[in-house]
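Notes for the structure review
Given next are the chains, with one letter for each unit.
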Amino acid sequence: MNLNEPLLRQLKHEAEGTRKMLERAPAEHYNWKPHEKSMTLGGLAAHIAEINGWLNATVEADELDFEKLNYKPKVFEDAMALLKFYDDTLAKGLLALQTASDENLRGDWKLRNGERIFFTMPRVAVIRTMVLSHTIHHRGQLSVYLRMLNVPLPGLYGPTADEPAM
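From a predicted model like this one, the values you see are computed outputs, not experimental measurements.

In this fold, T160 is placed in the segment after α6 (123-148). Looking at T160, its side chain comes within polar contact range of the main-chain oxygen of L153, at 2.9 Å. A distance of 2.9 Å separates a polar side-chain atom of T160 from the backbone nitrogen of E163. Excluding anything up to four places from it in sequence, T160 contacts L153, P154 and G155.

Running from amino to carboxyl end, helix α1 (residues 4-24) crosses α6 at an angle of 20 degrees, the nearest separation of the two axes being 10 Å. The orientation of α1 with respect to α6, classified from their angle, is roughly parallel. Both α1 and α6 take part in a crossing whose hand is left-handed. Of the residues in α6, those touching α1 at P6, L7, Q10, L11, E14, G17, T18, M21, L22 and R24 are V124, I127, R128, L132, T135, I136, R139, L142, S143 and L146.

The strand order across the open sheet formed by three strands is β1-β2-β3, and the pairing between neighbours is mixed. Each edge of the open sheet carries a strand with a single partner, namely β1 (63-65) and β3 (116-122). Mean inter-strand twist for the sheet, computed between neighbouring axes without regard to direction, equals 10 degrees. Sheet topology places strand β2 (residues 108-113) next to β3; six bridges connect them, and they run antiparallel. Within the sheet, the bridge partner assigned to R112 lies in β3 and is I117. Strands β2 and β3 of the sheet are contacted by α6, whose axis makes an angle of about 110 degrees with β3.

Take the packing of aromatic side chains next. A complete count under the given rule lists four aromatic pairs for this structure. Their ring planes at 45 degrees and their centres at 5.4 Å tell us that F76 and F85 sit as a pair that is tilted. Grouping residues by exposure puts F76 and F85 together as buried.

Before going further, it helps to examine a nonpolar patch on the surface. Where nonpolar side chains cluster on the molecular surface, the patch consists of F66, L69, Y71 and F118 and spans about 390 Å² of accessible area. You can see Y71 is positioned in the loop between β1 and α4 (79-98).

Here the focus is the pattern of salt bridges. In the structure shown here, the tally under the stated rule is eight salt bridges. For E23, the salt bridge is made with R19, and the minimal N-O distance between the two is 2.5 Å. Of this pair, E23 and R19 are both found in helix α1, four residues apart, which corresponds to roughly one turn of the helix. With a shortest N-O distance of 2.5 Å, E163 and R24 are connected by a salt bridge. Here R24 lies in helix α1 and E163 lies in the segment after α6, a separation of 139 residues in the sequence. Each of R19, E23 and D87 takes part in salt bridges that share partners, so that together they form one network.

Each value, and the rule that gives it
Residues numbered from 1 in each chain as written. Predicted model: local features only at pLDDT ≥ 70, side-chain atom pairs only at ≥ 80, totals over all residues. Heavy atoms only, no water. Helix = DSSP H or I, 4+ residues; strand = E, 2+ residues; numbered from the N terminus. Polar contact = N/O pair within 3.5 Å; in protein donor to acceptor, adjacent residues only side chain to side chain. Contact = heavy atoms within 4.5 Å. Axes fitted to C-alpha atoms, helices over the stretch in contact; angles between N-to-C directions. Parallel < 35°, antiparallel > 145°, perpendicular 65-115°, else oblique. Left-handed = near helix turned anticlockwise from the far one by under 90°. Pairing = 2+ DSSP bridges. Phe/Tyr/Trp six-rings, centres within 6.5 Å; stacked < 30°, edge-to-face > 60°. Buried < 20%, exposed > 50% of the residue type's maximum accessible area, 1.4 Å probe, protein only. Patch = residues over 30% accessible without salt bridge, like charges linked within 9 Å, V, L, I, M, F, W, Y side chains within 5 Å. Areas by Shrake-Rupley, 256 points an atom, 1.4 Å probe, with all protein chains shown as cover. Salt bridge = Lys/Arg side-chain N within 4 Å of Asp/Glu carboxyl O.

Shown next as structure tokens:
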């Protein structure tokens, strides 16, 4: 089995749940945040939507240097634009991962800010942590935001209080 195969299966599985959560984020509350130090709901949803795009940066380059980025967070006015962006980054990320060889995935990748190196890891580990686990982490945050706004939560790994088992 190629290294990308279990990653692709997990990514596709988690993407279904992530999309369900993003679909429930009410656009009329995109500027809401639960605490002054928290991201806004729209900012958090946009961040979750962009994470799959990091697959391309991981597979196609040897490092990401924050010092060289001109990053501007995405801002969405409505759910349709957010979901289209999510679907697009997912499709591009899946394609990058589908074409990644075992040699590429075993190769080291570095995250840095100029001279400061945060970590160096094999790409396969970067994909598991910085893409998959990172998405799941922020999706968990989003579930708290939605609960606080009294938005029914979808089942991701089983039933929820809002969608109990039949």
